[in-house]
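Read off the chains here:
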Amino acid sequence: MAVDVGGLTRGSRDGLLQRLNYRWHGAALVIFSVIVVAHWAEHLVQAFQIWALGWARPESRGVLGLAYPWLVTEEWLHYGYALIMLVGLAVLMPAFAGRGRWWWGLALGIQVWHHFEHLILFAQAQTGNHLLGNAVPTSVVQLLLPRVELHLFYNVAVFIPMLIALYHHLYPARSEGEVAGCSCSRVSSTTTI
C-alpha cells in the first residue's frame, strides 16, 4: 500500500530522491551539515583573522586559504559551494514538514539569492567583464557592503533558519510527528513538545 507522505510515496522508496528523503535522510542531513559547518568555520576564521588579529583582508584567507592561498581567489570554489548549498537544501526539503519545512524553505529562498550573487561573480571571473567596471568581480549587494561581511551575513542568514528547521524536523510537535515520512524524529509520536 502506497501512502503519500510530504510529497513522497512510502510504498515506492527506490528512487535516489526518495531514499535521500526517507531511509537515508538522517545520514544525508549529517553529511550536508558537516559541509555547511566546515564552510561556516572558514568564514568565522577569516572574520577572526581580520577583526581580532588585525590581518589585512587579502591575507585573511581562513584555514584552507593559508595552506592553499590560490584556492580562495578562485571564484569556481565559492560558486561550487553556493551551488552545493542550493542543491542540498532543495534535495533534502521533501522530507521536511510543518514548521521545519517552512524554516528550511526560508533557508532555501535565501540561498537562491546567495547562489545568484555567486553566479554573477563566477560569470565576471570567467569573462573578465566586471560589474560597473570594477577592478574585481563584484556582486550586486557587494556594491553596498564589503565582500567578507556580506558573505558572512549570507551564511548566517541561511544557517539560522536551517538550524531552526532541523530542530523542528528532529523534534516535531505531535501534530507534525510522522508527516515527513523519514526516520529522523528524535521524539516518539506520543510526546508533546
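Quick caveat, the model's predicted, so the values are computed rather than measured. (Residues numbered from 1 in each chain as written. Predicted model: local features only at pLDDT ≥ 70, side-chain atom pairs only at ≥ 80, totals over all residues. Heavy atoms only, no water.)

A. Here's a closer look at the overall build of the protein. On a plain count of helices and strands, the protein comes out with 7 helices and 2 strands. In sequence order, the secondary structure elements of the protein are arranged as β-β-α-α-α-α-α-α-α. Classification of the 193 residues of the protein by burial places 39% in the buried group. Taking contacts inside the protein between residues at least 6 apart in sequence as the whole, the part at least 24 apart equals 58%. (Helix = DSSP H or I, 4+ residues; strand = E, 2+ residues; numbered from the N terminus. Buried < 20%, exposed > 50% of the residue type's maximum accessible area, 1.4 Å probe, protein only. Contact = heavy atoms within 4.5 Å.)

B. Here's a closer look at the side chain of S139. Assignment of secondary structure puts S139 in the loop between α6 (98-127) and α7 (147-170). Among the polar contacts made by the side chain of S139, one reaches the side chain of E117 at a distance of 2.9 Å. Ignoring any residue separated from it by four or fewer positions in sequence, one finds S139 in contact with E117, I120, L121, L131 and L150. (Polar contact = N/O pair within 3.5 Å; in protein donor to acceptor, adjacent residues only side chain to side chain.)

C. Structural detail: the packing of aromatic side chains. Applying the stated criterion across every chain yields a total of 8 aromatic pairs. Aromatic pair W40 and F159: ring centres 5.6 Å apart, planes at 35°, arrangement tilted. Separated by 119 residues along the polypeptide, W40 in helix α2 (residues 25-51) and F159 in helix α7 bring together distant segments of the chain. Considering the side-chain rings of W113 and F116, the 5.2 Å spacing of their centres and the 40° angle between planes classify their relative orientation as tilted. With W113 and F116 both in helix α6 and 3 residues apart, this pair spans about one turn of that helix. Taken together, the aromatic side chains of F32, F96 and W104 make up a single cluster linked through ring pairs. (Phe/Tyr/Trp six-rings, centres within 6.5 Å; stacked < 30°, edge-to-face > 60°.)

D. Here's a closer look at the environment of H43. One can find H43 in helix α2. Distance in space between the C-alpha atoms of H43 and H151 is 8.0 Å, their sequence separation being 108 residues. Dropping the residues within four chain positions of it, H43 is found in contact with H151, L152 and N155. Looking at H43, its side chain comes within polar contact range of the side chain of H39, at 2.9 Å.

E. Region of interest: the confidence of the model for the protein. Mean pLDDT over the protein works out to 85, with 84% of the residues at or above the 70 mark. Per-element averaging of pLDDT across the protein places strand β1 (residues 4-5) at the bottom with 46 and α6 at the top with 96. Low pLDDT (under 50) marks residues 1-11, which in the prediction has 22 contacts with non-local residues, meaning those over four places away or in another chain. Low confidence marks residues 188-193, where pLDDT is under 50. Its contacts with residues over four positions away, or in another chain, come to 9 contacts. (pLDDT = per-residue confidence, 0-100.)

F. View of the nonpolar core. Among the nonpolar cores identified, the biggest contains 26 residues, and F32, L89, W104 and M162 are the most heavily contacted of them. At the level of elements, α2, α5 (75-92), α6 and α7 are the ones that each hand at least two residues to this core. With residues up to four places along the chain from it excluded, the contact list for M162 reads F32, S33, V36, L89, W104 and A107. (Core = buried A, V, L, I, M, F, W, Y, C linked by side-chain atoms within 4.5 Å.)

G. Inspection of the packing of α6 against α7 at higher detail. Across the interface, α6 lies against α7 with an axial gap of 7 Å and an inter-helix angle of 160°. Regarding the angle of α6 to α7, the classification is roughly antiparallel. As α6 packs across α7, the resulting crossing turns out to be left-handed. Across the contact of α6 with α7, the residue classes break down as 16 nonpolar, 7 polar and 3 charged. (Axes fitted to C-alpha atoms, helices over the stretch in contact; angles between N-to-C directions. Parallel < 35°, antiparallel > 145°, perpendicular 65-115°, else oblique. Left-handed = near helix turned anticlockwise from the far one by under 90°. Nonpolar A, V, L, I, M, F, W, Y, C, P; charged D, E, K, R; others polar.)

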